[in-house]
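The chain contents come next:
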Amino acid sequence: MSHENSQHIVVVGTKPDIIKQAPIYHELKNRGHDVVLCHTGQHYDHNLSQSMLDEFGVREDVNLEVRGGVNDLVSGITAKLALYLRGFAERGGFPITYVHGDTTTAMAGALATFGERQALVHVEAGLRTLSPKPEVLQGWLEQGADLDWAAFREQSIDRASWSKGSREPSPEQFNTRVADAGTDLHAAPVELNREFLVDEGFAPAAIDVVGNSVVDALAQAIAGSDKNQVLQKFPQMGDGSFLRFCVHRRENTTNRDRFNLLMDAMEALLEQGHHVLFIRLLGTEAAIDNFGRRQWLEDLEARYGDALISTPVWDSYLDVVAAMSMCAVIVTDSGSIVEEANVLQVPCVTLRFGSDRSETFLAGSNFLAPPIDKALMTSVIHNVFEHRKELTWDRVYPEGASRMLVDAVEKRLDEGSLLISEEWRYGLRAQLR
């Protein structure tokens, strides 16, 4: 496999895919590689797809237009992408497919390339959830509203407090494991991801720690963002006191008890005098309606006025980044937002039982508020708010991720191939006759 006859197929399907794959697409293009942007169609609403493509200056070359539930997406993307990739091979080319993270698109993309026995680069490989050990979580629950902040913070940054084995977020933990199983180059964001992959038996030589391309995307967004745009709409955000609160994970938005607890915690924070920017994503909107919370939300908006900004997800990533940088604390169940908060130097609270960006726990930029006890959740969030100015951490994601990733690809092409084989694993390729 050489540089000359390699085609680089950058696959996107969701909003986070576009944000994190666009810098890699541009890096490949700028180096003169033959690059194609393939959209699976998983996200198709304007604010989740086209607005992101426009903002990051990329244009899809092909859209597979796959729609439906999880099984429809998996089967549709796998079949259509495999057929598309087969065409490159039949014309004598060597496709190298890039999938990102833990999406259904990434998992199905891995199935397609594995079936065609073509090279796969897994961008943001090795995402695995760390959750608190049972005795640690039980200790936090017993404290509840009387949380010992100093001890809680010390436990949060101690790796001994955390354990592996979680299946949440779901289906993301399934997706990333399947994608890794079919990967030839694991582009891991941090050393912790490499550790997880090696522990699971993946070949160390197939893993490169290259950072996270969200840093490249953020650099572009920060350069183009204008806080005045946000302040024109929401001038009350100018005092830097708002909590950015967003919930969208399936395990939180399809579980009535969890979702109600999360909404009750948000209301309790408002009652304590906190200001809240409540971002409603598609899953949030569905849960609000499914669990009879629409009138409750309207009443909350009327009661708290300017102290509660309740809004659907925004079209502009530039505005999202500008608003995040103005917030006091980011409270979320998202993984990507946790990464962005670490880079933007805004403290974060994760509304789950663990995180697949657990490097941010260990760095001290992110703290866990599991959706099991309202008193504990509000206590964690309030403590992070109160102590936010004393929190410091080193950024865990270095600059230049896209450059490092493409360097790793080119190095393997120079050595002969991206495809993993037993001959490659033993270093015997040169001895083949």
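Here is what the cut-offs are and how they apply
Residues numbered from 1 in each chain as written. Predicted model: local features only at pLDDT ≥ 70, side-chain atom pairs only at ≥ 80, totals over all residues. Heavy atoms only, no water. UniProt positions renumbered as here; feature names shortened; annotations may be inferred. Helix = DSSP H or I, 4+ residues; strand = E, 2+ residues; numbered from the N terminus. Buried < 20%, exposed > 50% of the residue type's maximum accessible area, 1.4 Å probe, protein only. Contact = heavy atoms within 4.5 Å. Areas by Shrake-Rupley, 256 points an atom, 1.4 Å probe, with all protein chains shown as cover. Lys, Arg positive; Asp, Glu negative; His and termini not counted. Charge placed at Lys NZ, Arg CZ, Asp CG, Glu CD. Polar contact = N/O pair within 3.5 Å; in protein donor to acceptor, adjacent residues only side chain to side chain. Expected span 1.5 Å × (residues − 1). Axes fitted to C-alpha atoms, helices over the stretch in contact; angles between N-to-C directions. Parallel < 35°, antiparallel > 145°, perpendicular 65-115°, else oblique. Left-handed = near helix turned anticlockwise from the far one by under 90°. Nonpolar A, V, L, I, M, F, W, Y, C, P; charged D, E, K, R; others polar. Salt bridge = Lys/Arg side-chain N within 4 Å of Asp/Glu carboxyl O. Phe/Tyr/Trp six-rings, centres within 6.5 Å; stacked < 30°, edge-to-face > 60°. Lys NZ or Arg CZ within 6 Å of the ring centre and 35° of its normal.

By the naming in an unreviewed UniProt entry, the chain is UDP-N-acetylglucosamine 2-epimerase, taken from Nocardioides potassii. Looking at the chain in UniProt, the text filed under Sequence similarities (unreviewed entry) is "Belongs to the UDP-N-acetylglucosamine 2-epimerase family."

**Digging into the overall build of the chain**
A count of helices and strands for the chain gives 20 helices and 15 strands. The C-alpha extent of the chain, read off along each of the three principal axes, is 75 × 45 × 40 Å. Evaluated residue by residue, the chain yields a buried proportion of 59% over its 433 residues. The contacts in the chain between residues at least 6 apart in sequence include a share of 73% that link residues at least 24 apart. Carbon and sulfur atoms make up 49% of the accessible area of the chain, which totals about 17000 Å². In the chain, the 41 positive side-chain charges and the 62 negative ones have mean positions that sit 3 Å from each other.

**Topic: helix α15 (residues 317–326)**
Of all 10 residues making up α15, eight are buried, and the element is well covered by its neighbours. A side-chain oxygen of the first residue of α15 lies 3.3 Å from the backbone nitrogen of Leu 318; this N-cap is Ser 316.

**Observations regarding helix α3 (residues 70–90)**
Given a rise of 1.5 Å per residue, 21 residues ought to cover 30 Å, and the 30 Å separating the end C-alpha atoms of α3 matches this to within 8%. Among the residues making up α3, those that are buried are Leu 73, Val 74, Gly 76, Ile 77, Thr 78, Leu 81, Ala 82, Leu 85, Gly 87 and Phe 88. On its buried face, α3 is in contact with β1 (6–12), β2 (34–39), β4 (94–100) and α4 (104–116). Just downstream of α3 lies Gly 92, where phi reads positive at about 90°.

**Some details on the packing of α3 against α4**
At a closest axis distance of 8 Å, the pairing of α3 and α4 adopts a crossing angle of 40°. Taken together, the axes of α3 and α4 lie oblique to each other. Taken as a pair, α3 and α4 cross one another with a handedness that is right-handed. Facing Val 70, Leu 73, Val 74, Ile 77, Thr 78, Leu 81, Ala 82, Leu 85 and Arg 86 of α3, the residues of α4 in contact are Thr 104, Thr 105, Met 107, Ala 108, Gly 109, Leu 111, Ala 112, Thr 113 and Glu 116. Broken down by class, the residue content of the contact of α3 with α4 amounts to 11 nonpolar, five polar and two charged.

**Here we look at the pattern of salt bridges**
Under the counting rule described, the total for this entry stands at 30 salt bridges. One salt bridge in this structure joins Arg 117 and Asp 184, with 3.9 Å as the shortest N-O distance. Of this pair, Arg 117 sits in the loop between α4 and β5 (119–123) while Asp 184 sits in the loop between α7 (172–181) and β8 (185–188), placing them 67 residues apart in sequence. On the basis of relative accessible area, Arg 117 is assigned to the partly exposed category, the value being 42%. Exposure remark for Asp 184: the relative accessible area of 3% places this residue in the buried category. With a shortest N-O distance of 3.1 Å, Arg 412 and Asp 208 are connected by a salt bridge. Of this pair, Arg 412 sits in helix α19 (residues 401–415) while Asp 208 sits in strand β9 (residues 207–209); the two residues are 204 residues apart in sequence, bridging distant segments of the chain. If you follow the salt bridges from partner to partner, you end up with Lys 20, Asp 102, Glu 124, Glu 339, Arg 352, Asp 356 and Arg 357 in one network.

**Side note on the packing of aromatic side chains**
Within the structure shown, the criterion is met by 10 aromatic pairs. On the numbers, 4.4 Å between centres and 5° between planes, the contact of Trp 162 with Phe 361 is stacked. Of the two residues, Trp 162 sits in strand β7 (residues 162–163) while Phe 361 sits in helix α17 (residues 359–363), which places them 199 residues apart along the sequence. Comparing Trp 162 with Phe 361 shows no difference in burial state: the two are buried. Taken together, Trp 140, Trp 149, Phe 152, Trp 162, Phe 361 and Phe 367 form an aromatic cluster joined through their ring pairs. Between the NZ or CZ atom of Arg 293 and the centre of the ring of Trp 296, over which it lies, the distance is 4.5 Å. The lysine or arginine in question, Arg 388, covers the ring of Phe 385, its NZ or CZ lying 4.1 Å from the ring centre.

**Here we look at unusual backbone geometry**
Here the residue pair Glu 168 and Pro 169 is connected by a cis peptide bond, since its omega of 0° sits within 30 degrees of zero. Within the fold, Pro 169 resides in the loop between β7 and α7. Between Ser 170 and the following residue, Pro 171, the backbone shows a cis peptide bond with an omega angle of 15°. Looking at the secondary structure, you find Pro 171 in the loop between β7 and α7. For Glu 65, which is not glycine, the phi dihedral falls at a positive 55°.

**Description of the packing of helix α1 (residues 15–30) against α19**
Look at α1 against α19: their axes get within 9 Å of each other, and the N-to-C directions meet at 55°. In terms of their interaxial angle, α1 and α19 are classed as oblique. Here the hand of the crossing between α1 and α19 comes out right-handed. Residues Pro 23, Ile 24, Glu 27 and Leu 28 of α1 form the contact with α19, whose participating residues are Ser 402, Arg 403, Leu 405 and Val 406. Of the residues contributing to the contact of α1 with α19, the split by class is five nonpolar, one polar and two charged.

**Comments concerning the side chain of Arg 128**
Within the element layout of this structure, Arg 128 appears in the loop between β5 and β6 (131–132). Apart from residues lying up to four places away in sequence, Arg 128 is in contact with Gln 173, Thr 176, Arg 177, Asp 180, Phe 196, Leu 197, Glu 200, Phe 202, Ser 355, Asp 356 and Ser 358.

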